[in-house]
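# Survey of secondary and tertiary structure
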Amino acid sequence: MARNSDGALVLFSGGQDSATCLAWALSRFDRVETVGFDYGQRHRIELEVRGQFRSALAGKFPQWAAQLGGDHMLDASIIGQLGSTAMTQDIAIEMAENGLPNTFVPGRNLLFFTLAAALAYRRGLRVIVGGMCETDYSGYPDCRDDTLKAQQVALSLGLDRRITIETPLMWLDKAETFALAQDLGGEALLDLVVEHTHTCYLGDRSQRHEWGYGCNSCPACELRSKGWQKFKAEAA
């Protein structure tokens, strides 16, 4: 596969999807940096596993270590000042009156991409990679392909520089995301994703399952668990 000399900035939360996207970017771009966002998330354990995954990835894949650039952590705590959600407050996860789960944080991804684009501009990076998915998601409108295509246009116009938003998982379900990780880095990468990423909305890392750590009851854990089972069944 031809490599891209343009650098990429990966929105890296510490979860399964963004970790897979990081490996995807490293397989394609000569220079890859990562950015995370502290927005007062309830499952802020994900911010702690980010560094663990990056270190483990560099150790297992020295060819990628040379391409892996700096990590940036941005304060997005203003999100919590705009209203409470189940992602930022200790409240029960349920469906809201608008038909969306109350884990939806209005404007979160829009803000993340805006901040990432400003950072990418200063770092000389023209590609931003995100793990958004429209295949087996919770219906978040800021994860939709149309939303991100529109934001790509707005960012490029606003910065007067071509910015490309890549979403390699957009049309993949969780089973296919596990399979992509395996395709990119074999069992070694798959093991890192299982052991060193965090997806559970409740921030529970006290329970280790075959698919990773989590409460095994929140929507994120259920999705990851079902994806793992489907992945293993299809690989058998």
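Heads up: the structure comes first, above all this text.
A brief structural summary. The structure presented is a predicted model; accordingly, all values stated were derived computationally and were not measured.

## A look at the nonpolar core
Formed by 63 residues in total, the largest nonpolar core has its most connected members in Leu11, Leu22, Phe53, Leu57 and Leu189. Here the element with the most residues in this core is helix H7 (residues 174-196); it accounts for ten residues. Setting aside chain neighbours within four positions, we find Leu189 in contact with Ala23, Phe53, Leu57, Phe61, Trp64, Ala181 and Leu184.

## Focus on the pairing of strand E1 (residues 8-11)
What you see with E1 is no split at all: Ala8 and Val10 on one side and Leu9 and Leu11 on the other are buried throughout. Between the parallel pair E1 and strand E2 (residues 32-38), the chain is carried across by helix H1 (residues 16-26), and the sense of this crossover is right-handed. Here E1 pairs with strand E4 (residues 127-129) via three bridges, running parallel. Each bridged residue has a counterpart across the sheet, and for Ala8 the counterpart in E4 is Val127.

## Description of the pairing of E2
Burial within E2 is extensive, with six of its seven residues counted as buried. Bridging between E1 and E2 involves four bridges; their strand directions are parallel. By the bridge assignment, Ala8 is partnered in E2 with Val32. With six bridges joining them, E2 and strand E3 (residues 68-75) adopt parallel strand pairing. Bridge assignment links Asp38 to a residue of E3, and that residue is Asp75.

## A closer look at unusual backbone geometry
It is generally the case that most residues other than glycine have a negative phi and that most peptide bonds are trans. Of note in this structure, Asp160 is not a glycine but carries a positive phi near 55°. Phi is positive for Asn216, close to 70°, though the residue is something other than glycine.

## Thoughts on helix H5 (residues 108-123)
Helix length check: H5 (16 residues) gives 22 Å between terminal C-alpha atoms against 22 Å at 1.5 Å per residue, within 8%. Every buried residue of H5 is listed here: Arg108, Asn109, Phe112, Phe113, Ala116, Ala117, Leu119 and Ala120.

## Details of the packing of H7 against helix H8 (residues 219-235)
Contact pair H7 / H8: the axes reach a minimum separation of 10 Å and the direction vectors enclose 85°. Overall, the two elements H7 and H8 adopt an arrangement that is roughly perpendicular. Counted together, Lys174, Ala175, Phe178, Ala179, Gln182, Leu190, Val193 and Val194 of H7 and Leu223, Arg224, Gly227, Trp228, Lys230, Phe231 and Glu234 of H8 form the full contact between these two elements. Within the contact of H7 with H8, the residues separate by chemical class into nine nonpolar, two polar and four charged.

Calculation notes
- Residues numbered from 1 in each chain as written.
- Predicted model: local features only at pLDDT ≥ 70, side-chain atom pairs only at ≥ 80, totals over all residues.
- Heavy atoms only, no water.
- Core = buried A, V, L, I, M, F, W, Y, C linked by side-chain atoms within 4.5 Å.
- Buried < 20%, exposed > 50% of the residue type's maximum accessible area, 1.4 Å probe, protein only.
- Helix = DSSP H or I, 4+ residues; strand = E, 2+ residues; numbered from the N terminus.
- Contact = heavy atoms within 4.5 Å.
- Right-handed = clockwise from strand over helix to strand, strands pointing away.
- Pairing = 2+ DSSP bridges.
- Expected span 1.5 Å × (residues − 1).
- Axes fitted to C-alpha atoms, helices over the stretch in contact; angles between N-to-C directions.
- Parallel < 35°, antiparallel > 145°, perpendicular 65-115°, else oblique.
- Nonpolar A, V, L, I, M, F, W, Y, C, P; charged D, E, K, R; others polar.

That's the geometry; what it means functionally is another story.
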